[in-house]
Amino acid sequence: MRMKSNGVEHYFTPKPKSKPEFKLIRAHLRGREFLFLTSAGVFSKSRIDLGTKVLVEHMILPDKGYVLDVGCGYGVIGIVAAALNPNIYVLMVDINRRAVNLAKHNIRINRVSNAEARCGSLYEPVKGMMFNCILSNPPISAGLATVRAMVTDAPKHMYDGGTLQMVVRSRVGGERIAQMLEETFGKFTVLVRRSGYRVLMAEKR
Ligand SMILES: C[S@@+](CC[C@H](N)C(=O)[O-])C[C@H]1O[C@@H](n2cnc3c(N)ncnc32)[C@H](O)[C@@H]1O
């Protein structure tokens, strides 16, 4: 993926060139305290995105096994998942190298030992790996083709009984993503509706 020809930097730019301008965010999520270092050039640098919070508060984690946070940004979803259940191992992936470096730092400062972050597109950094659960606040701004690839390729990386859980904004691509889940998995459920967001969950059967 490249920067757009007009040179505008997006949160999904692979190698942001903007000055980092770091910021530390404190957050209380699922009854625990977390710290997240953020920076210019990554998604939702000033505060944790509301959709991310809705997913984190309602995601259903497996008892054990492997979890993938695809499009991890600076790491909120994957780090909270890893902290909540030490019996899972969490892989976190993002195309934005700056976001991945922040996620690596945030894994350390939150003293999470069962997670790691890798840089690359979608499932490429976890080639050959299988997951019990895939979580995502998907990159709508990167285009629906990216989100479609995320959804349609998910089953190849999921064990039977594994789930894909995504937060969508009802007014921004939500219906299209719901349709993608239905086409790929046959059906899906809505875990929660909150503040204009929905958390959708599909199971591989
Ligand atoms: C909506 S943001 C969510 C970030 C983070 N999970 C959060 O909730 O704060 C989507 C993320 O997907 C990443 N992304 C975009 N295209 C991607 C791709 N092809 N492969 C992996 N990550 C991608 C972006 O860089 C961005 O960090």
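Values in this document were obtained by computation on a predicted structure and should not be read as measured data.

Q: Looking at this structure, how should I read the packing of helix 4 (residues 144-153) against helix 5 (residues 174-185)?
A: Contact geometry for helix 4 and helix 5: axes closest at 10 Å, N-to-C directions at 30°. As far as their axial angle goes, helix 5 and helix 4 are roughly parallel. With respect to the hand of their crossing, helix 4 and helix 5 are arranged in right-handed fashion. Of the residues in helix 5, those touching helix 4 at Leu144, Val147, Arg148, Val151 and Thr152 are Arg176, Ile177, Met180, Leu181 and Thr184.

Q: Explanation requested: the environment of Lys45 in the structure shown.
A: Mapped onto the secondary structure, Lys45 falls in the loop between strand 2 (32-38) and helix 1 (50-58). For Lys45, a count of 19 C-beta atoms within 10 Å gives the class partly exposed. It is 8.6 Å that separates the C-alpha atoms of Lys45 and Phe22, two residues lying 23 residues apart in sequence. Beyond its immediate stretch of four places on either side in the chain, Lys45 contacts Lys23, Thr38, Ser39 and Ala40.

Q: How should I be thinking about helix 5 in this particular structure?
A: The periodicity of an α-helix, 3.6 residues per turn, causes residues three or four positions apart to be oriented the same way. Over its twelve residues, helix 5 extends 16 Å from the first C-alpha to the last, a length consistent with the 16 Å expected when each residue adds 1.5 Å. Residues Ile177, Met180 and Leu181 constitute the buried set of helix 5. Down the axis of helix 5, the smallest arc covering the buried residues is 100°, so these residues share one side. Within helix 5, the exposed residues directed more than 90 degrees away from the buried face are Glu175 and Glu183. In this structure, the buried side of helix 5 is in contact with helix 4, strand 7 (158-169) and strand 9 (197-203). Just downstream of helix 5 lies Gly186, where phi reads positive at about 90°.

Calculation criteria
Residues numbered from 1 in each chain as written. Predicted model: local features only at pLDDT ≥ 70, side-chain atom pairs only at ≥ 80, totals over all residues. Axes fitted to C-alpha atoms, helices over the stretch in contact; angles between N-to-C directions. Helix = DSSP H or I, 4+ residues; strand = E, 2+ residues; numbered from the N terminus. Parallel < 35°, antiparallel > 145°, perpendicular 65-115°, else oblique. Left-handed = near helix turned anticlockwise from the far one by under 90°. Contact = placed C-beta atoms within 7 Å. Buried ≥ 20, exposed ≤ 12 C-beta atoms within 10 Å, placed from the backbone. Expected span 1.5 Å × (residues − 1). Arc of directions from axis to C-beta.

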